[in-house]
Each structure stands twice: as C-alpha cells, then as structure tokens.
Amino acid sequence: QVYMVEYGGGSVQAGGSLRLSCAASGSIFSINAMGWYRQAPGKQRELVAQISSGGSSNFADSVKGRFTISRDDAKNMVYLQMNSLKPEDTAVYFCAADAKAYYNSTPLKYWGQGTQVTVSS
C-alpha cells in the first residue's frame, strides 16, 4: 500500500503564492508519474500538473506560466509551486502517484486526502 499526504494548503490573497508538498510512503517499489489535481465545489476533479519519472511535465492551460511542479525521488516527494494565484484557483488540491507497491504488483494511482487552497480577491 502506498500512502500520499499533502502539506501546505491555506488561504492567500489574489496575487500571492503557496507551495504544496506531497510525500509518498508505505510499500513503494517504484513511482512513475506524480501529479496534482484539484476539485472546486460543484466541479469535477481536474488535472493541474503532472511530472513523469523522467522529469517532463505538463500543465492545465489555466495554470501555465503561474504554477511549477517538481519532484524529489530520493524523498518520494512532489511539489507544486503556485504563483500569481487567482480566486478561481480555489479548490481542494490532491496529489497522486502512479506507483507499484511491489515488483510484481499492478501499477495503481494512489491519492492523498486533499488540502484546501482558498484565494480571496
């Protein structure tokens, strides 16, 4: 079993910055892609940013140029730096990892419990 825990949510004014962190722990054989998703009230969960094991990344159009994603494989961590935040960025942010718990297990997507980000105007 792989466990994901997010840190760093909170409240900030528009134009401000926040950095989210996420740690993967438990039984981990390998981690492929890691990413951040968000879900605003009444909306579906959407991909915000994703980073592959090779370091390539992709972003939702709405956050390009404002958010960056990085990972530290030695620590099984993924980070989301959010700059120039807007009220429409308000959501619960979830981290996720495509991981194998054991060498012969099926790769699964593991989710964190989510952390609230609130941006006020």
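Values in this document were obtained by computation on a predicted structure and should not be read as measured data.

1. Section: the state of the cysteines
Chemically, a disulfide is nothing more than a covalent bond linking the sulfur atoms of two cysteines. Enumeration over the complete set of coordinates arrives at 1 disulfide. Paired through a disulfide, C22 and C95 show a sulfur-sulfur distance of 1.9 Å. The chirality of the disulfide connecting C22 with C95 is right-handed, given an S-S dihedral of about 45°. Placement of C22 in strand β3 (residues 18–26) and of C95 in strand β9 (residues 91–100) is noted, with a sequence separation of 73 residues between them.

2. A few points about the pairing of strand β8 (residues 77–82)
Of all 6 residues in β8, 5 are buried; the element is thus mostly enclosed. Here β3 pairs with β8 via 6 bridges, running antiparallel. Paired with A23 across the bridge in β8 is M77. The pairing of strand β7 (residues 67–72) with β8 spans 6 bridges and is antiparallel. Its bridge partner being in β8, S70 is matched across the sheet by Y79.

3. Observations regarding the pairing of strand β4 (residues 30–39)
Extensive coverage of β4 is indicated by the burial of 7 of its 10 residues. Across 8 bridges, β4 lies against β9 in antiparallel orientation. Paired with W36 across the strands is C95, a residue of β9. Direction of pairing for β4 relative to strand β5 (residues 46–51): antiparallel, over a ladder of 5 bridges. When the sheet's bridge partners are listed, M34 is paired in β5 with I51. The hairpin formed by β4 and β5 contains 6 residues between the paired strands, and G42 there has a positive phi angle of roughly 80°.

4. Brief notes about the packing of aromatic side chains
Tallied over the full model, the rule gives 1 aromatic pair. A cation over an aromatic ring shows up here: R45 above the ring of F94, its NZ or CZ 3.7 Å from the ring centre. Above the plane of the ring of W111 lies R45, whose end atom (NZ or CZ) is 4.7 Å from the centre.

Parameters and conventions
Residues numbered from 1 in each chain as written. Predicted model: local features only at pLDDT ≥ 70, side-chain atom pairs only at ≥ 80, totals over all residues. Heavy atoms only, no water. Disulfide = S-S within 2.5 Å. Helix = DSSP H or I, 4+ residues; strand = E, 2+ residues; numbered from the N terminus. Buried < 20%, exposed > 50% of the residue type's maximum accessible area, 1.4 Å probe, protein only. Pairing = 2+ DSSP bridges. Phe/Tyr/Trp six-rings, centres within 6.5 Å; stacked < 30°, edge-to-face > 60°. Lys NZ or Arg CZ within 6 Å of the ring centre and 35° of its normal.

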